[in-house]
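Close look at the chain arrangement
The primary structure of each chain is shown beneath.
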Amino acid sequence: MAGKGSIVILTGAGISKEFGLDTFRDKDGIWSRVRLEDVATPDAFRRDPAKVQAFYNTRRRNLVEGGIRPNPAHAALARLEREWPGEVLIVTQNIDDLHERAGSENLIHMHGELLKIRCQKCARPFAWTADVEVGDKCPDCHRLGTLRPHVVWFGEMPLDMERIFEALEACALFVSIGTSGHVYPAAGFVQTVRAQGRAHTAELNLEPSEGASLFRETRLGPASRLVPAFVEELLSADRS
C-alpha cells in the first residue's frame, strides 16, 4: 500500500471522541452550546478576554483533571511511528495532548495546543496547565496581560503549513482519521496528495466525511477499532 515510503496521517476530533473529549461540530458538540464568535476569534478575545480565557480554562481543566486518556487509536499510531521503516508524520487538528501521551513524537498541531499559552508581545509559547487570568505575566518578557491560548482561532492561519505541504507532496500514503471534511485547509489535503498522482489515500471514519469520495479507500467504524487494525495490516505487509 505504501511500500516503505513516508506516511502522513491527519487526525481530527473523531479519534478522541470515543473516550470522552467533546467534538466541535457534532449536533451535541461544543459549537451547539457556545457561539464560536464569542470565544474562538481574535475579535472575541479583544472584546472580552476574560470570557475567552474562562472558556479555555474549563477545557484545559477537563483535559488535565477529567480522566481523559489516550485510546487504542492513539497507541496504534505511536506504534506505527516506532516500527515503520520510513517517516510517519501525524498532523492533528486536535489541540489535546493525547498523541503525545500515547508516545507519538513526529507531530504537528496545526490548530495549536491547549496546554500551551502564547505571549502576544514576544510571541513565545509556553507549556501551561493551570488557569490563565487576564492580568497574568509573561514568563519571558514579564509584560502583564499579554497571554492568550496557543490555539488557532477562526480567521487565523494554521501552524507549520509549509512543512505540512512538503510532507503531503512527498508521501506514499495519506490517511485521514476522524475528520469531518468541513474545515480547510485540512479538508483539502487529500486533493494535494491526489495531485502528485502516486500516493495511496485512505479515510478511517465513523461515517463518510464531506470529501470521502476523494479517497481511494474508505473504512467506516470507531477509530479505536479501525486504526489498530489498519496499522497492523501496514506493519504485517512491511514484514512480509
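In this text, all values refer to a predicted model and were calculated from it rather than measured experimentally.

What follows covers the domain arrangement of the chain. Reports often express the size of an interface as the amount of accessible area lost when the parts come together. Segmentation of the chain into domains returns domain 1 (1–21 + 70–111 + 158–239) and domain 2 (22–67 + 116–151). Each of domain 1 and domain 2 was reduced to a C-alpha centroid, and the two centroids are 26 Å apart.

This part takes up the sheet that holds strand S9 (residues 217–220). In a beta sheet, neighbouring strands are held together by backbone hydrogen bonds and run either parallel or antiparallel to one another. Ordered by their spatial adjacency, six strands build an open sheet running S3-S2-S1-S7-S8-S9, and the pairing between neighbours is parallel. Edge positions in the sheet fall to strand S3 (107–109) and S9, since each of these pairs with one other strand and no more. Across the sheet, the axes of successive neighbouring strands diverge by a mean angle of 15°, strand direction being ignored. Pairing of strand S7 (residues 173–177) with strand S8 (residues 200–205), which is carried by five bridges, proceeds in the parallel orientation.

Here we take up the packing of helix H5 (residues 72–83) against helix H9 (residues 223–239). The N-to-C vectors of H5 and H9 enclose an angle of 20°; their axes lie 7 Å apart at closest approach. The angle between the axes of H5 and H9 places the two elements in the roughly parallel class. Seen along the crossing, H5 lies across H9 with a hand that is left-handed. Along the contact surface, H5 presents Pro-72, Ala-73, Ala-76, Leu-77, Arg-79, Leu-80 and Glu-83, while H9 presents Ala-223, Ser-224, Val-227, Pro-228, Val-231, Glu-232, Leu-234, Leu-235 and Arg-239. For the contact of H5 with H9, the per-class residue count stands at eleven nonpolar, one polar and four charged.

Mapped onto this numbering, the UniProt entry gives "binding site: NAD(+)" (unreviewed entry) at Gln-93, Asn-94, Ile-95, Asp-96, Gly-178, Thr-179, Ser-180, Asn-205, Leu-206, Glu-207 and Ala-223. With respect to the secondary-structure elements, Gln-93 resides in the loop between strand S2 (88–92) and helix H6 (98–102). In this structure Gln-93 comes out as buried when scored by relative accessible area, which is 15%. The residues contacting Gln-93, other than those within four sequence positions of it, are Leu-10, Thr-11, Gly-12, Met-110, His-111, Thr-179, Val-183 and Ala-186. Overall, the relative accessible area of 12% leaves Ile-95 in the buried class.

One finds Ile-7, Ile-9, Leu-77, Leu-80, Ile-177 and Val-227 to be the most contacted residues of the largest nonpolar core, which totals 23 residues. For this core, the secondary-structure elements that each account for two or more residues are strand S1 (7–11), H5, S2, S7, S8 and H9. Contacts of Leu-77, omitting those with residues within four sequence positions, involve Ile-9, Thr-11, Ile-15, Ile-90, His-99, Ser-104, Ile-177, Val-227 and Val-231. Grouped together as the second largest cluster of nonpolar side chains are 18 residues, Met-161, Cys-171, Phe-189 and Phe-215 included.

Parameters and conventions
Residues numbered from 1 in each chain as written. Predicted model: local features only at pLDDT ≥ 70, side-chain atom pairs only at ≥ 80, totals over all residues. Heavy atoms only, no water. Domains from an automatic or database assignment. Pairing = 2+ DSSP bridges. Helix = DSSP H or I, 4+ residues; strand = E, 2+ residues; numbered from the N terminus. Axes fitted to C-alpha atoms, helices over the stretch in contact; angles between N-to-C directions. Parallel < 35°, antiparallel > 145°, perpendicular 65-115°, else oblique. Left-handed = near helix turned anticlockwise from the far one by under 90°. Contact = heavy atoms within 4.5 Å. Nonpolar A, V, L, I, M, F, W, Y, C, P; charged D, E, K, R; others polar. UniProt positions renumbered as here; feature names shortened; annotations may be inferred. Buried < 20%, exposed > 50% of the residue type's maximum accessible area, 1.4 Å probe, protein only. Core = buried A, V, L, I, M, F, W, Y, C linked by side-chain atoms within 4.5 Å.

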